[in-house]
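# Secondary and tertiary structure notes
So you can see what is in the structure, the chains are spelled out below.
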Amino acid sequence: MGNFKSFEELACWKEARNLRLFVKTQIINKIPDSEKFALIDQIKRSSRSVGNNISEGVWKVSLSREHSVL
């Protein structure tokens, strides 16, 4: 997976963060009021989960590497 100290250094995590900010600042504001209640929470959670999944995957890989060394 390369040499990095934190998942925050990964380009894919940075892009996921950009996606989350884009959704928050550009997409949510354009949803009609009649649909906001049903959609906003789901859109926020799904855009946030991309970065969370990347960081969780990095954590699992680093754990498996530690166990293989032991």
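An account of the accompanying structure is given in this report. (Residues numbered from 1 in each chain as written. Predicted model: local features only at pLDDT ≥ 70, side-chain atom pairs only at ≥ 80, totals over all residues. Heavy atoms only, no water.)

### Section: the overall build of the protein
Counting secondary structure elements, the protein contains two helices and zero strands. Within the span of the protein, comprising 70 residues, buried residues form 17% of the whole. Total accessible area on the protein is roughly 5600 Å²; 56% of this is exposed by carbon and sulfur atoms. (Helix = DSSP H or I, 4+ residues; strand = E, 2+ residues; numbered from the N terminus. Buried < 20%, exposed > 50% of the residue type's maximum accessible area, 1.4 Å probe, protein only. Areas by Shrake-Rupley, 256 points an atom, 1.4 Å probe, with all protein chains shown as cover.)

### A look at the pattern of salt bridges
For the coordinates displayed, the defined rule picks out one salt bridge. Two residues, Arg 45 and Asp 41, come together in a salt bridge whose shortest N-O distance is 3.0 Å. Here Arg 45 pairs with Asp 41, and both are found in helix 2 (residues 33–69), just four residues apart, close to one helical turn. Taking the relative accessible area as the measure of exposure, Arg 45 reaches 43% and is therefore partly exposed. Owing to a relative accessible area of 44%, Asp 41 belongs among the partly exposed residues under this scheme. (Salt bridge = Lys/Arg side-chain N within 4 Å of Asp/Glu carboxyl O.)

### Description of the nonpolar core
In terms of nonpolar packing, the biggest core is built from five residues, these being Leu 10, Trp 13, Ala 16, Ile 54 and Val 58. Mapped by element, the contributors of at least two residues to this core are helix 1 (11–27) and helix 2. (Core = buried A, V, L, I, M, F, W, Y, C linked by side-chain atoms within 4.5 Å.)

### Remarks on a nonpolar patch on the surface
Residues Leu 19, Phe 22, Ile 27 and Val 50 make up a contiguous nonpolar surface patch of about 310 Å² in total accessible area. Considering every element that reaches the nonpolar patch, the biggest residue donor is helix 1, with three residues. Owing to a relative accessible area of 39%, Leu 19 belongs among the partly exposed residues under this scheme. (Patch = residues over 30% accessible without salt bridge, like charges linked within 9 Å, V, L, I, M, F, W, Y side chains within 5 Å.)

### Structural notes on the side chain of Ser 47
Along the chain, Ser 47 falls in helix 2. For Ser 47, the contacting residues outside a window of four places in its chain are Arg 20 and Val 23. (Contact = heavy atoms within 4.5 Å.)

### Regarding the environment of Arg 20
Along the polypeptide, Arg 20 turns up in helix 1. A relative accessible area of 29% places Arg 20 in the partly exposed class. The spatial distance from the C-alpha of Arg 20 to the C-alpha of Ser 49 is 9.1 Å, given a sequence separation of 29 residues. Ignoring anything within four residues of it in the chain, the contact list for Arg 20 reads Ser 47 and Arg 48.

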